[in-house]
Amino acid sequence: MPRSAAELAHRLAREAEAVCRHYLSNGRRVGNYWLVGDVRNTCGRSMFVRLKPKGTGGRPAGKWTDAATGEHGDLLDVIRESCSLVDFHDVANEARRFLSLPRFEPKSDSRSRLPPVPNGSPESARRLLGMSQPIAGTVVETYLRGRSITNLHGIDSLRFHPRCYYRPEADAPTEIWPAMIAAVTDLQGHITGAHRTWIDPSGRDKAPVDTPRRAMGYLLGHAVRFGPAGDVMAAGEGIETMLSLRCVMPDMPMVAALSAAHLAAILFPAPLRRLYIVRDDDPAGDGAVAGLFDRAQSAGIEAMVLSPQCSDFNEDLRNSDINVLCAALRVQIAPEDIARFLSTRASTGMGDEALAPL
């Protein structure tokens, strides 16, 4: 009985058209190809599956490519994505069911499968981050640069997942989109949660879903961190907001709390002596600033508020340029922090190119 992925893929390839008719039912045959929208069986014509091998040594049957996204794979991938399966054991059993082969049940002491964990738990967040990859060269980088965020050094807390599950509601079908995954950590650097931003495959904007941002795990008191803790730190709500500030203050440690309520509750690192509270211009943002300001003062930490000219600092950066943002911050931060943190390259007119990754 076939057990390996290669054996199953080979058997499925012999029945490529039957596989496509069953799992990609929204497509149709055109010549030697099956055309469909994508591997999730969406209507369209951008994905094509080869139904017969192309000569000796040519591309085998069952291989597919999505011209719109660059994704490619075999018929096992078709089964996995069209059926919203995750574990290879489930994919293999579905393939065997289609091929009328006996199911394969692993031995009870098999170590190939991780034990299940509750959805939304810190362990679930750690696994999601473990399955993600660096953002360089991905749609996450495209998305951030499209928001005028050019300094992408030192942001290892951000990762990329090419096929992150999104479920609009508990009983709704699962969708799959690329996503920016942010690690939420405590003061010791332990992962307590993750934040997902689903992104359109083009990278031009967030994915066209109802709630393109969602968090999981334990967030209260914790944050997405950029840079090691020090005596000075900036804290705000959004990831893009804080990354915008890093374009002109690349050496200042920063944290994104992900919401106004969580910003008001962040925990203070032991070395912290001055806290810049990054304000979003809305009622919730004002409330978070007031609450965090009082907590910092009570803890003996100097608190200063940084206010944008628009709704947030990313909008400021996108609507003007890096030098205007630099000038606006120069009059808001402590004099001793200007030389220490404020980028002289931006203020001398070198602009975005000087701050782009080398």
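See the structure printed just above.
Residues numbered from 1 in each chain as written. Predicted model: local features only at pLDDT ≥ 70, side-chain atom pairs only at ≥ 80, totals over all residues. Heavy atoms only, no water.

Moving on: the layout of surface pockets. Here the second largest pocket is characterised by a volume of approximately 490 Å³. Lining the second largest pocket are 19 residues, and of these Arg40, Thr69, Glu71, Ile176 and Pro201 sit closest to its centre. No other element matches the four residues that strand β7 (residues 175-185) contributes to the lining of the second largest pocket. Across the lining of the second largest pocket, the residue classes tally to eight nonpolar, five polar and six charged. (1 Å grid on protein atoms, 1.4 Å probe; cavity = no way out; pocket = protein on both sides within 12 Å on 5 of 7 lines; lining within 4 Å. Points joined across faces, edges and corners; volume = space filled by probe spheres on them. Helix = DSSP H or I, 4+ residues; strand = E, 2+ residues; numbered from the N terminus. Nonpolar A, V, L, I, M, F, W, Y, C, P; charged D, E, K, R; others polar.)

Moving on, we get to the sheet that holds strand β3 (residues 47-50). Read from one edge of the open sheet, five strands run β1-β2-β3-β4-β5, paired in antiparallel fashion. Since the sheet does not close on itself, it has two edges, and those belong to β1 (28-30) and β5 (72-73), each with one partner. Sheet topology note: the β1/strand β2 (residues 33-36) ladder contains three bridges and is antiparallel. Note on β2: the bridge partner recorded for Arg29 is Trp34. (Pairing = 2+ DSSP bridges.)

Once that is clear, we can look at the packing of aromatic side chains. This model, assessed by the stated rule, comprises three aromatic pairs. Plain terms: the ring middles of Tyr23 and Phe98 are 5.5 Å apart, the flat faces sit at 55 degrees to each other, and that makes the pair tilted. Residue Tyr23 is located in helix α2 (residues 16-23), and its partner Phe98 is located in helix α4 (residues 88-98); the two are separated by 75 residues in the primary sequence. (Phe/Tyr/Trp six-rings, centres within 6.5 Å; stacked < 30°, edge-to-face > 60°.)

On to unusual backbone geometry, then. Apart from glycine, the bulk of residues carry a negative phi angle, and the bulk of peptide bonds sit in the trans form. Positive phi, normally seen in glycine, also occurs at Asn41, with a value near 70 degrees. Summarising the element assignment, Asn41 is placed in the loop between β2 and β3. Despite not being glycine, Ser84 has its phi angle at roughly 55 degrees, a positive value. Overall, Ser84 belongs to the partly exposed group, its relative accessible area being 32%. (Buried < 20%, exposed > 50% of the residue type's maximum accessible area, 1.4 Å probe, protein only.)

Quick look at the sheet that holds strand β13 (residues 274-278) now. On the basis of which strands lie adjacent, the open sheet formed by five strands has the order β10-β12-β11-β13-β14 and mixed pairing. This sheet does not close on itself; its edge strands, each paired only once, are β10 (224-226) and β14 (302-306). The mean inter-strand angle of the sheet, taken between neighbouring strand axes irrespective of direction, is 20 degrees. Taken together, the five bridges between β13 and β14 define a ladder with parallel strand orientation. Paired with Ile277 across the strands is Val305, a residue of β14. Each of β10, β11 (232-236), β12 (254-256) and β13 touches helix α7 (residues 239-246); the most contacted strand, β12, lies at about 160 degrees to it. Here helix α9 (residues 283-298) sits on the sheet in contact with β13 and β14, set at roughly 160 degrees to β14. (Axes fitted to C-alpha atoms, helices over the stretch in contact; angles between N-to-C directions. Contact = heavy atoms within 4.5 Å.)

In this structure the tally under the stated criterion is 18 salt bridges. As a salt-bridge pair, Arg80 and Asp77 come within 2.9 Å of each other at their nearest N and O atoms. On the criterion of helical spacing, the pair formed by Arg80 and Asp77 is a turn pair, its members being three residues apart in helix α3 (residues 75-82). When its relative accessible area of 22% is taken as the criterion, Arg80 is described as partly exposed. Residue Asp77 is classed as buried on the basis of its relative accessible area of 16%. The salt bridge involving Asp337 is made with Arg274; its shortest N-O contact spans 2.8 Å. Of the two residues, Asp337 is situated in helix α12 (residues 335-341) and Arg274 in strand β13; the sequence distance between them amounts to 63 residues. (Salt bridge = Lys/Arg side-chain N within 4 Å of Asp/Glu carboxyl O.)

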